[in-house]
Amino acid sequence: LAIQNRANHRCEYCRMHQSLQGATFHIEHIVPKSRGGLSTLENLAWCFPSCNLHKADRSDVVDPDSKNLVPIFHPRRDEWKDHFRWNGYQLRGRTPSGRATILALKLNNDRRILIRRAEERFDVFPPA
Ligand SMILES: [Zn+2]
């Protein structure tokens, strides 16, 4: 519950609000367990299931512009607004990590756009 409240009930990667989602959000290991990540409050994030699934056990992902491997967005270490911005219903990366995270977690797929349109009707999009 502390994790959920800290996240304001939104996925810490894509900012999706849990209220319109039938699926329960996941508690995600920012540094994956397989890479030594601990189950401490500091290393846990509130996460939409699809984001968690696509992130899997990765810590680094490919920036589509430079093709370099860059760190995936880190909800504790990084400031969300430094890495991402909204362009209508689309999420845009401000940094290599932002761009790479959007690509890796498929944050602009058709279903995400539909969800953001629905969220707008319920006044939970764009996130404050
Ligand atoms: Zn998400």
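For the structure, see preceding data.
A brief structural summary. In this numbering scheme, every chain counts its residues from 1 along its sequence in written order. Whole-chain, interface and lining totals are the exception, using all residues; otherwise, since this is a predicted model, local features are given only for residues with pLDDT of at least 70 and side-chain atom pairs are given and counted only at 80 or more. Hydrogen atoms and water are omitted, and side-chain values are computed over all heavy atoms in the structure.

**Here we look at the overall build of the protein**
Where we set the bar: In this description a helix means any DSSP run of H or I spanning at least four residues, a strand means any run of E spanning at least two, and both kinds are numbered starting from the N terminus. Our radius of gyration is a C-alpha quantity, and the globule rule it is checked against amounts to 2.2 Å times the number of residues to the power 0.38. Summary of the burial criterion: residues with accessible area below 20% of their type's maximum are buried, those above 50% are exposed, and those between are partly exposed, where the area comes from a 1.4 Å probe applied to protein chains only. In this analysis, two residues are considered to be in contact whenever any of their non-hydrogen atoms come within 4.5 Å of each other.
Secondary structure assignment for the protein yields 5 helices and 6 strands. Scaling as 2.2 N^0.38, a compact globule of 128 residues should have a C-alpha radius of gyration of about 14 Å, and the protein matches this with 14 Å. Principal-axis analysis of the C-alpha atoms gives the protein an extent of 40 × 35 × 20 Å. When burial is assessed residue by residue, the protein has 45% of its 128 residues classed as buried. Look at the contacts in the protein between residues 6 or more apart in sequence, and 54% of them connect residues 24 or more apart.

**Some details on the pairing of strand 5 (residues 84-87)**
In plain terms, the rule: Criterion used throughout: strands pair if DSSP finds at least two bridges between them.
In terms of strand pairing, strand 5 meets strand 6 (residues 90-93) through 4 bridges, oriented antiparallel. Looking across to strand 6, one finds that W86 is bridged to L91. Linking two consecutive strands that pair antiparallel, namely strand 5 and strand 6, is a turn of 2 residues; a positive phi of about 65° is found at G88 within it.

**As for the coordination of the zinc ion**
Let me state the cut-off plainly: Keep in mind that water is not among the atoms, so a site may look incomplete; donors are the N, O and S atoms within 2.8 Å of the metal, or 3.2 Å for Na, K and Ca.
Donor atoms from the polypeptide that bind the zinc ion are C11 (SG), C14 (SG) and C51 (SG), placed at 2.1 to 2.3 Å. According to the relative accessible area criterion, C51 is buried, its value standing at 0%.

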